[in-house]
Each structure stands twice: as C-alpha cells, then as structure tokens.
Amino acid sequence: TITDVLVRIEHLDGRVESHLLRPATPAVTLGAATTRLERAGSYLQLGLQHILLGVDHLLFVLGLLLIVRDRWMLVKTITAFTVAHSITLAIATLGYASAPLVPLNAAIALSILFLGPEIVRVRRGQTSFTIRHPWVVAFAFGLLHGFGFASGLTAMGLPKAEIPLALLLFNVGVELGQLGFVLMVILLERAFRVLQVEWPRLVSALPGYVVGSLGAYWTIQRTLILLGVIR
C-alpha cells in the first residue's frame, strides 16, 4: 500500500512482460508480452509521478525560484540541482552507495527549512552566501534529493538487465516534471507582472513563509520519527 512494485516475467518462449503495480492498481492480468518501448514508457511515467507527487522536492525547487532573480543565475542554479541529483540517483540505483531512508527524509526537510530565512532576506534586500551563490547550495542539497529520487527505483527490485533503461528514463521523467514546474511558476509570475496584479504585502510574502513553515514542520516531524519518539 505504500510503494510501487515492478513485475517482470520472462517466458520460456522468449517473451518478456513487465508491469508496474501501484497502490491504486495492485493487480494485473498476465499473459501479454510488453515491448521495450512500453517498459520505457512505464519508467518515464514513474519519474514524472515521483517528482510531481514529491511535494518536498517541488517545495525545495520553489524555494530556489524565490531566491534567484537573475535569469542566468536561475539557469545555473536549476542546472546545478539537476546535475547533483542525477549523480546520486545513478550512484544509488547502480548500488554503489545508499542512504538510510529515515535520516535522508529528515535531511531533505532540513534543506527546505534552510531556504526559508534566505527567502525572507531576499525580500528585505539583504544578502548571504546562499543568495550570492545559490547554485552551490542547490548542488549540495541536490545530492541529498538524488538519494530521495533513487528510493522510487531501488524499492521496486529492478532486475540488472533493466537498470540502465530504468535509470535513464526515470531520470528523464524527473527532469521533465521539474522543468514543467519551473516553467509554470515563471509563467505565473510573468502573467501577474503583465496584468499588473498588486498583491497585499502579506500575500506576496506568503510563499516564502509557506516554504519555511512546511520545512520546519517536516524537519521536526521526521526528526522525531528518526529518534523513535513517534511512528
């Protein structure tokens, strides 16, 4: 009820069928062979769903967007985040390294909390290392988020023959979802500017405080889980 599972069957006549079972669809009728293209589509879809349903990952990206105002710096920052999580996603999926899930989730929440005060500093016209060099912070925390992405693949028990294809398409799906989210936020911001929408000061400050508050809540909650205080 909490994870996706890959069912892969190799028939004696050489046919291969592969199915992705999810909590909402936990059953499948066996017998029909699946093509390599169909299996690739499953991994691509899995990557898209993982990023779009991963609220903590999207919240971190939103925090970066609220800090970075320069277009070129935004490209550098998102690229650094992408490169970093692609590295650790590959390392973890290929089995060269791993990170315990509970401490990892707490660290990811802490990365979101870290951005909250930085967003407030930007609004106040202040500066910091993160504001001057957001791509460095994006790369450092991107390494953590990559291990989080990898949990979506490693938990399925991929056969070795499928790992290269799954890794590539899953990562492409993640990047497409992330890029779509970034473009949506940028287009919304530009639309408000063109329409000359003037938000009340409290409303305009709300996104930054939402990022910081949710980051703080998740950090406390996941730390308590890590310490065994709550389950």
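Read on for an overview of the structure. It should be emphasised that the depicted structure is a prediction, and the values quoted were computed from it without experimental measurement.

Turning our attention to the overall build of the chain. When helices and strands are counted, the chain shows eight helices and two strands. N-terminal to C-terminal, the α/β element order of the chain is β-β-α-α-α-α-α-α-α-α. Long-range contacts, defined as pairs at least 24 residues apart, comprise 72% of the intrachain contacts of the chain with a sequence gap of at least 6. Put simply, the chain shows about 13,100 Å² of open surface, and 68% of that area lies on carbon and sulfur atoms. Each charge class in the chain can be summarised by its mean position, and for the 18 positive and 12 negative side chains these summaries are 10 Å apart.

Take a positive patch on the surface next. Judged by side-chain charge, Arg 69, Arg 123, Arg 124 and Arg 201 come together as a positively charged surface patch. Relative to the helices and strands, Arg 124 is located in the loop between helix H4 (101-123) and helix H5 (129-132).

As a further point, take helix H1 (residues 36-52). In a regular helix each residue adds 1.5 Å, so 17 residues correspond to 24 Å; H1 covers 24 Å between its end C-alpha atoms and thus fits that length. Of all the residues in H1, the buried ones are Arg 39, Ala 40, Tyr 43, Leu 46, Gly 47 and Ile 51. Viewed end-on, H1 has its buried residues packed into an arc of 125 degrees, placing them on one side of the element.

In terms of nonpolar packing, the biggest core is built from 49 residues, with Tyr 43, Phe 60, Val 61, Ile 67, Leu 158 and Phe 170 touching the most fellow members. At the level of secondary structure, the elements contributing two or more residues to this core comprise H1, helix H2 (55-67), helix H3 (71-93), H4, helix H6 (134-154), helix H7 (163-194) and helix H8 (201-226). In terms of residues, this core owes the most to one element, H7, which gives ten residues. What Phe 170 contacts, discounting residues up to four positions off in sequence, is Tyr 43, Leu 46, Gly 47, His 50, Leu 89, Phe 149 and Leu 153.

A grouping of Val 102, Ile 220, Leu 224, Ile 225, Leu 226, Leu 227, Val 229 and Ile 230 is seen on the molecular surface, where their side chains present a nonpolar patch of about 670 Å² in accessible area. A per-element tally of the nonpolar patch places H8 first, with four residues. With respect to the helices and strands, Ile 225 occurs in helix H8.

Okay, the pattern of salt bridges next. In this structure the tally under the stated criterion is four salt bridges. Across the pair Asp 13 and Arg 15 runs a salt bridge, and its minimum N-O distance is 2.8 Å.

On to the packing of H1 against H6. Orientation of H1 relative to H6, taken along the N-to-C sense of each, is 135 degrees, at an axis distance of 11 Å. The pairing of H1 with H6 is recorded here as oblique in orientation. Where H1 crosses over H6, the handedness of that crossing is right-handed. Counting all contacts with H1, which are made through Leu 46, His 50 and Ile 51, the residues of H6 involved are Gly 148, Phe 149, Ser 151, Gly 152 and Leu 153. For the contact of H1 with H6, a count of residues per class yields four nonpolar, four polar and no charged.

Of note, Leu 214 is situated in helix H8. In this structure Leu 214 comes out as partly exposed when scored by relative accessible area, which is 31%. Sequence separation of Leu 214 and Gly 95 is 119 residues, and the distance between their C-alpha atoms is 32 Å.

You can see Val 75 is positioned in helix H3. With a relative accessible area of 42%, Val 75 lands in the partly exposed category. Remark: the alpha-carbon pair of Val 75 and Trp 135, spanning 60 residues in sequence, is separated by 9.0 Å.

Attention shifts here to the packing of aromatic side chains. Tallied over the full model, the rule gives three aromatic pairs. Look at Phe 60 and Phe 141: their rings are 5.9 Å apart centre to centre, the planes differ by 75 degrees, and that puts the pair in the edge-to-face class. Here Phe 60, found in helix H2, pairs with Phe 141, found in helix H6; they are 81 residues apart in sequence, far enough to count as distant. The burial state of Phe 60 is the same as that of Phe 141; both residues are buried. Three or more aromatic residues link up through ring pairs in this structure, and these residues are Phe 60, Phe 81, Phe 114 and Phe 141.

Rules of the game
- Residues numbered from 1 in each chain as written.
- Predicted model: local features only at pLDDT ≥ 70, side-chain atom pairs only at ≥ 80, totals over all residues.
- Heavy atoms only, no water.
- Helix = DSSP H or I, 4+ residues; strand = E, 2+ residues; numbered from the N terminus.
- Contact = heavy atoms within 4.5 Å.
- Areas by Shrake-Rupley, 256 points an atom, 1.4 Å probe, with all protein chains shown as cover.
- Lys, Arg positive; Asp, Glu negative; His and termini not counted.
- Charge placed at Lys NZ, Arg CZ, Asp CG, Glu CD.
- Patch = residues over 30% accessible without salt bridge, like charges linked within 9 Å, V, L, I, M, F, W, Y side chains within 5 Å.
- Salt bridge = Lys/Arg side-chain N within 4 Å of Asp/Glu carboxyl O.
- Expected span 1.5 Å × (residues − 1).
- Buried < 20%, exposed > 50% of the residue type's maximum accessible area, 1.4 Å probe, protein only.
- Arc of directions from axis to C-beta.
- Core = buried A, V, L, I, M, F, W, Y, C linked by side-chain atoms within 4.5 Å.
- Axes fitted to C-alpha atoms, helices over the stretch in contact; angles between N-to-C directions.
- Parallel < 35°, antiparallel > 145°, perpendicular 65-115°, else oblique.
- Left-handed = near helix turned anticlockwise from the far one by under 90°.
- Nonpolar A, V, L, I, M, F, W, Y, C, P; charged D, E, K, R; others polar.
- Phe/Tyr/Trp six-rings, centres within 6.5 Å; stacked < 30°, edge-to-face > 60°.

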